[in-house]
Amino acid sequence: MDTPSSGLGARKLRILLANEPRAYREAIAQALHQLRPDVEIETAEPPDLDTSIRQFVPDMVICSEATDTVRSNVRVWVELYPEHNSRSIANIAGKYEEYAEIQFSDLLSIVDRTEDLVR
Amino acid sequence: MLVEDHHSFRQALTFILNLEPDFTVVAEADSLAKARAVLEKFDLAIVDLALPDGNGADLIEDLRRTNPGVTVLILSATLDEANIVRVIDAGAAGVVDKLAGANEIVQEARSVRAGATMPRQTEVVEMLRTIASHGGKNHEVRPDARLTARETEVLRALVEGLDNEGIAEKLGITLEEEQNHLAGILEKLGARSGLQALTIAARRGVIEFP
């Protein structure tokens, strides 16, 4: 597997969204794509999360439940509405942040912080 | 107006809808109480079913009082049979599962606003079966509510999942004539949407479904 945290070089920042339900995943992916056109965005079904991480090697993951693969291979990840709760958790290079009700602007901010981290 | 308690999703969907030339989101709310307090006028409400202070179906009548003519599209991750019956009886023009893609939600919003019957045939038939098996609210139907032969044909075409253009083409009539027939059906059956008209007609045996 590549090492996404070793610097982007010429490639774009990569974000993988594998959260559920699909409507959330696609709406957030589309809005991120519009607002951060230089970021490479992929979506995957939750069961395909680990496989997609190995193939896409994302710098950031948004998912409903962070798997061991997410925790050990991705520097920045967000558990968005785990178990359909309104609470969300972000792990930004080992620093945990909890959101009672995460805003879309929070997700954008995490994307920008991820870019700062890995450049 | 968008009523959805998961903020990041609601804000992303608002952003996407605002990119479309035929939509402008004028209000957002994350609860029934906040939705009822919205003063802006709007044509379409996309309402989540599971809100922190109650069921989105309870909002439909209230929205109609403050915004006559509003079209309501229900968005839900818990589309069980009882909820489907409840929202259609309350007058929702459509129901979208959150398992649908974002583009499908936008398309459904456009379809229900245009007055189309949005579900595919299999979904319509499944809904009718569900409603027939659950009974449901009795609707006030005009005593002289006898559908004309053409209106019955329009209803049957709705069961097939055809949109307005498709029905007009199938029956060899203009779109305006098709809409006049649909308006007549809604008035006679006391329905607020093509989908609700189908459910009332199914209960009363006006039409049969496969």
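The structure this text deals with has already been given above.
This section reports on the structure supplied with the text. No experiment lies behind these values; they were computed from the predicted model shown.

## Overview of the pairing of strand β1 (residues 14-18) of chain A
Where a strand is regular, its side chains alternate between the two sheet faces.
Residues and elements named next belong to chain A.
Okay, step 1: Across the five residues that make up β1, a large majority, five, are buried.
Okay, step 2: Side-chain alternation along β1 places Arg14, Leu16 and Ala18 on one buried face and Ile15 and Leu17 on a second face that is also buried.
Okay, step 3: The sheet contact formed by β1 and strand β2 (residues 40-43) spans four bridges and is parallel. Within β2, the position partnered with Ile15 by the bridge is Ile41.

## Focus on the sheet that holds strand β5 (residues 88-92) of chain A
Residues and elements named next belong to chain A.
Okay, step 1: The sheet built from six strands is open, its strands ordered β2-β1-β3-β4-β5-β6 with mixed pairing. Looking at strand neighbours, the two that pair on one side only are β2 and β6 (95-99), the edges of this open sheet. Pairs of neighbouring strands in the sheet enclose a mean axial angle of 15 degrees, with direction left out of account.
Okay, step 2: Pairing of strand β3 (residues 60-63) with strand β4 (residues 76-79), which is carried by four bridges, proceeds in the parallel orientation. For Ile62, the partnering residue across the bridge sits in β4 and is Val78.
Okay, step 3: Each of β1, β2 and β3 touches helix α2 (residues 49-56); the most contacted strand, β1, lies at about 165 degrees to it.
Okay, step 4: Helix α4 (residues 104-118) rests against β1, β3, β4, β5 and β6 of the sheet, and its axis sits at about 160 degrees to β4.

## Observations concerning unusual backbone geometry
All names here are of chain A.
Okay, step 1: In this structure, the amide linkage connecting Glu20 to the following residue, Pro21, adopts the cis form with an omega of 0 degrees.
Okay, step 2: By the secondary structure assignment, Pro21 is in the loop between β1 and α1 (22-35).
Okay, step 3: The phi angle at Tyr81 is positive, at roughly 50 degrees, despite the residue not being glycine.
Okay, step 4: If you trace the backbone, Tyr81 turns up in the loop between β4 and β5.
Okay, step 5: Positive phi outside glycine occurs at Glu83, with the angle close to 55 degrees.
Okay, step 6: Here Glu83 falls in the exposed class, since 8 other C-beta atoms lie within 10 Å of it.

## Brief notes about the sheet that holds strand β7 (residues 94-97) of chain B
Residues and elements named next belong to chain B.
Okay, step 1: A sheet is described by the order of its strands in space; here five strands give the open sequence β2-β1-β3-β6-β7, paired in parallel fashion. This sheet does not close on itself; its edge strands, each paired only once, are β2 (28-29) and β7.
Okay, step 2: Bridging between strand β3 (residues 44-48) and strand β6 (residues 71-76) involves five bridges; their strand directions are parallel. Bridge pairing in β6 links Asp48 to Leu75.
Okay, step 3: This element, helix α5 (residues 102-113), spans β3, β6 and β7 of the sheet and lies at about 155 degrees to β6.

## Some details on the interface of chain A and chain B
Okay, step 1: At the junction of the two partners, chain A supplies 18 residues and chain B supplies 18 residues.
Okay, step 2: Counting residues per element, the ones that place at least two in the side of chain A that touches chain B are α1 and α4 of chain A.
Okay, step 3: The element that contributes the greatest number of residues to the side of chain A that touches chain B is α1(A), accounting for nine residues.
Okay, step 4: Of the residues contributing to the side of chain A that touches chain B, the split by class is 11 nonpolar, four polar and three charged.

## Notes on helix α9 (residues 175-189) of chain B
All names here are of chain B.
Okay, step 1: Here α9 is 15 residues long and its end C-alpha atoms lie 21 Å apart, about the 21 Å a rise of 1.5 Å per residue gives.
Okay, step 2: Taken together, the buried positions of α9 are Glu178, His181, Leu182, Ile185, Lys188 and Leu189. One face of α9 carries all of its buried residues, which in axial projection span an arc of 130 degrees. Across α9 from its buried face, at more than 90 degrees, point the exposed residues Glu176, Ala183 and Glu187.
Okay, step 3: Buried residues along α9 sit against α7 (149-159), α8 (164-171) and α10 (194-203).
Okay, step 4: Phi turns positive, to about 70 degrees, at Gly190, one or two residues after α9.

How each quantity is defined
Residues numbered from 1 in each chain as written. Chains lettered and ligands numbered in written order. Predicted model: local features only at pLDDT ≥ 70, side-chain atom pairs only at ≥ 80, totals over all residues. Buried ≥ 20, exposed ≤ 12 C-beta atoms within 10 Å, placed from the backbone. Helix = DSSP H or I, 4+ residues; strand = E, 2+ residues; numbered from the N terminus. Pairing = 2+ DSSP bridges. Axes fitted to C-alpha atoms, helices over the stretch in contact; angles between N-to-C directions. Contact = placed C-beta atoms within 7 Å. Nonpolar A, V, L, I, M, F, W, Y, C, P; charged D, E, K, R; others polar. Expected span 1.5 Å × (residues − 1). Arc of directions from axis to C-beta.

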